[in-house]
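Listed below, chain by chain, are the residues.
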Amino acid sequence: MHFPLQHFLLALPLAIAHPCEDTTNIPTVQEAAVQARQLLRSEKIGTLSTVFPSSDARGLGGYPIGMTDYYADCSNNGNPTLLAIKIATSFKNARNGAPISLTLREHSPSSEFYSPAAHHRLSLIGRLSPPIPANSDEGRRVKACFTKAHPDAKWWVPGNPIHKSEWVTFEVERVYWVGGFGDREFIGDIPVELYRNVTLKEDQAVVVNGAIRFNIQQVWGRLRGMLRIE
Ligand SMILES: *[C@@H]1O[C@H](CO)[C@@H](O)[C@H](O)[C@H]1NC(C)=O
């Protein structure tokens, strides 16, 4: 496999711009809503973004901050469950009235060549619910669901001796979706009702992941064709 590096670099944008001939099957907004719910189901760590309140003692009022956090998809309507540590910045800001967003990205299902830019990205925008009482049926249900996704979180569930924490629901009000490259994926707002109304069946996520990997393989195949690499 011998080819000059500059040929590779010249061909790469072309291969990415025209990776497959068929651009007629861009997902509809309904299909993107299903993909968004599948992404929420298949990931479990995201970035919570909030804005500091104007009263912030360090003068950070109005500045945004994004922090990585755990979530679990424990509802059937796309509202993620969070384990809110009371002293954590995201939850302090949210308690002070800030709206909140949760940003996710799809991670490669394998170590094959792939481009993160071609993969799904989701931003949910909304508000946190009041705390779910830990000793209610719902509190016990979300604890079982959340610690199944995050076994290590058992150390900071409500009632632990170290940190005050509580279960909250991220109540989604708006959904913004970037499916990947715009010539083959839906990019834009997904109406929240469409998103909420999706009913997931377990085996669908695999199909979508397969389709994505297939697209990336097309990019790579085309690149190899242009470069005559075996
Ligand atoms: C969502 O589901 C509700 C209840 O079944 C239905 O009334 C509504 O029309 C649906 N909305 C969309 C956008 O699918």
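Rules of the game
- Residues numbered from 1 in each chain as written.
- Predicted model: local features only at pLDDT ≥ 70, side-chain atom pairs only at ≥ 80, totals over all residues.
- Helix = DSSP H or I, 4+ residues; strand = E, 2+ residues; numbered from the N terminus.
- Contact = placed C-beta atoms within 7 Å.
- Buried ≥ 20, exposed ≤ 12 C-beta atoms within 10 Å, placed from the backbone.
- Pairing = 2+ DSSP bridges.
- Expected span 1.5 Å × (residues − 1).
- Arc of directions from axis to C-beta.

**Some words on the overall build of the chain**
Counting its regular elements, the chain contains six helices and seven strands. Residue pairs at least 24 apart in sequence account for 70% of intrachain contacts in the chain once pairs closer than 6 positions are excluded.

**Quick look at the pairing of strand E3 (residues 81-85)**
By the criterion of burial, E3 is predominantly enclosed, with four of the five residues buried. Pairing of E3 with strand E6 (residues 165-178) involves five bridges; the strand directions are antiparallel. Looking across to E6, one finds that Leu 83 is bridged to Trp 167.

**Concerning the pairing of strand E1 (residues 45-51)**
Summarising the sheet, E1 and strand E2 (residues 64-70) pair through seven bridges and their orientation is antiparallel. Within E2, the residue paired with Ser 49 across the bridge is Gly 66. Pairing analysis gives three bridges linking E1 to strand E4 (residues 100-105), with the strands arranged antiparallel. Bridge pairing in E4 links Ser 49 to Ser 101.

**Here we look at helix H4 (residues 137-149)**
For H4, spanning 13 residues, the distance from its first C-alpha to its last is 19 Å, which sits close to the expected 18 Å at 1.5 Å a residue. Within H4, burial applies to Val 142, Lys 143 and Phe 146. Taken end-on, H4 shows its buried residues confined to a sector of 110 degrees, consistent with a single buried face. For H4, exposure combined with an orientation more than 90 degrees from the buried face picks out Asp 137, Ala 144 and Lys 148. Contacts made by the buried residues of H4 are with E3 and E6.

**Here we look at the environment of Thr 47**
Assignment of secondary structure puts Thr 47 in strand E1. Separated by 20 residues in sequence, Thr 47 and Met 67 have C-alpha atoms that sit 5.2 Å apart. Every residue in contact with Thr 47, bar those within four places of it in the chain, is listed here: Gly 66, Met 67, Thr 68 and Thr 103.

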